[in-house]
Structures are given as C-alpha cells and as structure tokens.
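Close look at the chain arrangement
Listed below, chain by chain, are the residues.
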Amino acid sequence: KQEVTQIPAALSVPEGENLVLNCSFTDSAIYNLQWFRQDPGKGLTSLLLIQSSQREQTSGRLNASLDKSSGRSTLYIAASQPGDSATYLCAVVGVYNFNKFYFGSGTKLNVKP
Amino acid sequence: GAGVSQSPSNKVTEKGKDVELRCDPISGHTALYWYRQSLGQGLEFLIYFQGNSAPDKSGLPSDRFSAERTGGSVSTLTIQRTQQEDSAVYLCASSWVAGGPVADTQYFGPGTRLTVL
C-alpha cells in the first residue's frame, strides 16, 4: 500500500522567507503527484500537478519538483506572505489504480507578518 | 460558476444513530470522490464514482458505510450505527475525466464535520 509522508508537520517562518515543504512516497509507480492547499472550513485547492514524466512545475511563487525514482517531491515557496498560511497536502495517484489518491497528513504553515 | 457544495457543514449525533451527508458536485463533472480526514491525519479515500460504472468502494472502512450517487450527480454518504471513531471531516471532490482513465484536478467541497458523542 502506498504511504505518503510529509515533513515537517508544522512550520513557522517570518514573512519574506523562502521555504521548502517535503513529501515522500513509498511506491514509485505513480501516475502523477499533486500539491494542495487546505484552508480551514474551505476544503482543498489544487496548486500544482506534476505528471510522472515531468521533473517540475511552476506557478507564480510556487515551484514543485518530483524525483520519482527516490520517491520524493518538494514544494518551494518563494518570498512567503502571511496569506500563504495554510495546510499544504501532497497526493499521489498510482499506476495500478487511477481512482485512488493517496494523501499525506500535511504541513501546517504559518507565515508571521 | 458554483463549486462543490456539501451539507450539512456540521453534524453532531449520538453514538448508534444513522447519519446522511450530502455532496453536490460541479455540474458536468463525471467523477466524484468521498474522503475522510481525521484530526491531524491526511485524507483517507473512501469511495469513487465515475459515470455509470460500478463505484470503487475499496476505501470504505466497514459495512456501516455506504454511498450512492443518483442520476450521476448528487451523492449521499450514509453511516449507520455511528461510532465515536467515525468523528472526522468528510470531504467530497469532483472531477471531469477527459476521456482517459485518470481524473486530473479534483475540486473539493468545504466538508462536513461529523461529531459522534
């Protein structure tokens, strides 16, 4: 069974810092990997999706990388802002069951003004 | 346009009672997912519907859990004889499957927070 782990569980940084969130998965036979943002009471919002054949994706101040062979992905946030405060979740879809998304438990980010 | 909606937003029930949670997906989305998020945990897959195909129920934790999707749109997750360990946020998501086997981006509802006393 695919296991997805996110480190750290929580992170607090001052505004303006660049930061990296980590996601690891145990089965490298994935179809894609997504990063989501979860705000309290508002569900999840997809940030970036990386196909297994890709190495990275960028959107604004966000950059996600994927190293499928080592089972790792990172989400890089540049010049962090208080509005970035949220829980960030990564999820993978395996090639054996396209219906199932396996989620990590998330990293709770607090950006202090 | 309207996003995924879920009702109720909060539900408090007594142990042993049945509950029904509702999800209204984005119009036109053929795929619908239910997840459970317990305190401090990641999302746990429960069930997946895609069009008229038989649902993937492999994530349902026990036979007390069931779900249906009527007319390919609204879905109801039913938990019978609720237990305290069922307390969690139940999230619904929908996607448009563009002809291939895999849905790309999922759009999530705000969730239903279930508390079993």
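Residues numbered from 1 in each chain as written. Chains lettered and ligands numbered in written order. Predicted model: local features only at pLDDT ≥ 70, side-chain atom pairs only at ≥ 80, totals over all residues. Heavy atoms only, no water.

For the rest of this paragraph, the subject is the overall build of chain A. Secondary structure summary: chain A contains zero helices and eleven strands in total. The order of α-helices and β-strands along chain A, N terminus first, is β-β-β-β-β-β-β-β-β-β-β. For chain A, whose C-alpha radius of gyration is 14 Å, the value lies close to the compact-globule estimate of 13 Å for 113 residues. Looking at the 113 residues of chain A, the share that counts as buried comes to 45%. Looking at chain A alone, contacts between residues at least 24 apart form 55% of all its contacts between residues at least 6 apart. About 5,300 Å² of surface is accessible on chain A, with carbon and sulfur atoms providing 48% of the total. Distance from the positive charge centre (10 side chains) to the negative charge centre (8 side chains) of chain A: 5 Å. (Helix = DSSP H or I, 4+ residues; strand = E, 2+ residues; numbered from the N terminus. Rg over C-alpha atoms; globule rule 2.2 N^0.38 Å. Buried < 20%, exposed > 50% of the residue type's maximum accessible area, 1.4 Å probe, protein only. Contact = heavy atoms within 4.5 Å. Areas by Shrake-Rupley, 256 points an atom, 1.4 Å probe, with all protein chains shown as cover. Lys, Arg positive; Asp, Glu negative; His and termini not counted. Charge placed at Lys NZ, Arg CZ, Asp CG, Glu CD.)

Quick look at the pairing of strand β4 (residues 30-38) of chain A now. All names here are of chain A. The element β4 is largely enclosed, with a buried count of eight among its nine residues. Judged from the eight bridges that link them, β4 and strand β9 (residues 86-94) form a sheet pairing that is antiparallel. Across the sheet, residue phenylalanine 36 finds its bridge partner in β9, namely leucine 89. Bridge count for β4 against strand β5 (residues 44-51) is seven bridges, and the pairing is antiparallel. (Pairing = 2+ DSSP bridges.)

Before going further, it helps to examine the sheet that holds strand β6 (residues 65-69) of chain B. All names here are of chain B. Taken together, the four strands give an open sheet; going across it, the order is β1-β3-β7-β6, and neighbouring strands pair in antiparallel fashion. The open sheet terminates on both sides in strands that have one partner only, identified here as β1 (5-7) and β6. Sheet twist, expressed as the mean angle between neighbouring strand axes with direction ignored, is 15°. Where β6 and strand β7 (residues 75-79) come together, five bridges link them in antiparallel fashion. Paired with serine 66 across the two strands is threonine 78, which belongs to β7. (Axes fitted to C-alpha atoms, helices over the stretch in contact; angles between N-to-C directions.)

Turning our attention to the interface of chain B and chain A. Counting residues at the interface gives 21 residues for chain B, matched by 22 residues for chain A. Approximately 1,600 Å² of surface area, both sides summed, lies buried where chain B meets chain A, with 57% of it carried by carbon and sulfur atoms. At the surface where chain B touches chain A, the tally comes to zero salt bridges. Residue assignment for the side of chain B that touches chain A shows that the elements contributing at least two residues are β4 (31-37) and β5 (43-50) of chain B. Classifying every residue of the side of chain B that touches chain A gives eleven nonpolar, eight polar and two charged. (Buried area = accessible area lost by both parts, 1.4 Å probe. Salt bridge = Lys/Arg side-chain N within 4 Å of Asp/Glu carboxyl O. Nonpolar A, V, L, I, M, F, W, Y, C, P; charged D, E, K, R; others polar.)

Turning to the state of the cysteines, a few remarks are in order. Put plainly, two cysteines are in a disulfide when a covalent bond ties their sulfur atoms together. Residues and elements named next belong to chain A. In total, this model carries two disulfides over all chains according to the counting rule given. Each sulfur in the disulfide pair cysteine 23 and cysteine 90 lies 2.0 Å from the other. Between cysteine 23 and cysteine 90, the disulfide has an S-S torsion of 75° and is therefore right-handed. Remark: cysteine 90 occurs in strand β9 and cysteine 23 occurs in strand β3 (residues 19-25); sequence separation between them is 67 residues. For the pair shown, cysteine 23 and cysteine 90 are each scored as buried. (Disulfide = S-S within 2.5 Å.)

The subject of this paragraph is the pattern of salt bridges. All names here are of chain B. For the structure on display, the rule yields six salt bridges over all chains. For lysine 17, the salt bridge goes to glutamate 14, with nearest N and O atoms at 3.7 Å. Residue arginine 36 pairs with glutamate 44 through a salt bridge whose shortest N-O separation is 3.1 Å.

Let us now look at the side chain of aspartate 86 of chain B. All names here are of chain B. Here aspartate 86 shows up in the loop between β7 and β8 (88-95). Look at aspartate 86 and you get buried, because its relative accessible area is 1%. Among the polar contacts made by the side chain of aspartate 86, one reaches the side chain of arginine 64 at a distance of 2.8 Å. Each residue touching aspartate 86, except ones within four places of it in the same chain, is listed here: Arg36, Arg64, Phe65, Ile79, Leu114 and Val116. (Polar contact = N/O pair within 3.5 Å; in protein donor to acceptor, adjacent residues only side chain to side chain.)

A few words on the layout of surface pockets. Its boundaries defined by the atoms lining it, the largest pocket holds a volume of some 710 Å³. In terms of lining residues, the largest pocket is bounded by 29 residues, among which Gln38, Pro40 and Thr87 of chain A together with Gln37 and Arg113 of chain B are the most central. Here the element with the most residues in the lining of the largest pocket is strand β11 (residues 107-112) of chain A; it accounts for four residues. Within the lining of the largest pocket, the residues separate by chemical class into nine nonpolar, 16 polar and four charged. Taken as a whole, the second largest pocket encloses approximately 380 Å³ of empty space. Residue lining of the second largest pocket: 18 residues in total, with Lys1 and Tyr102 of chain A together with Leu43, Glu44 and Phe45 of chain B positioned closest to the centre. Among the elements of the structure, β10 (101-103) of chain A together with β4 and β5 of chain B are those that each provide at least two residues to the lining of the second largest pocket. (1 Å grid on protein atoms, 1.4 Å probe; cavity = no way out; pocket = protein on both sides within 12 Å on 5 of 7 lines; lining within 4 Å. Points joined across faces, edges and corners; volume = space filled by probe spheres on them.)

Purely geometric numbers; function is a separate question.
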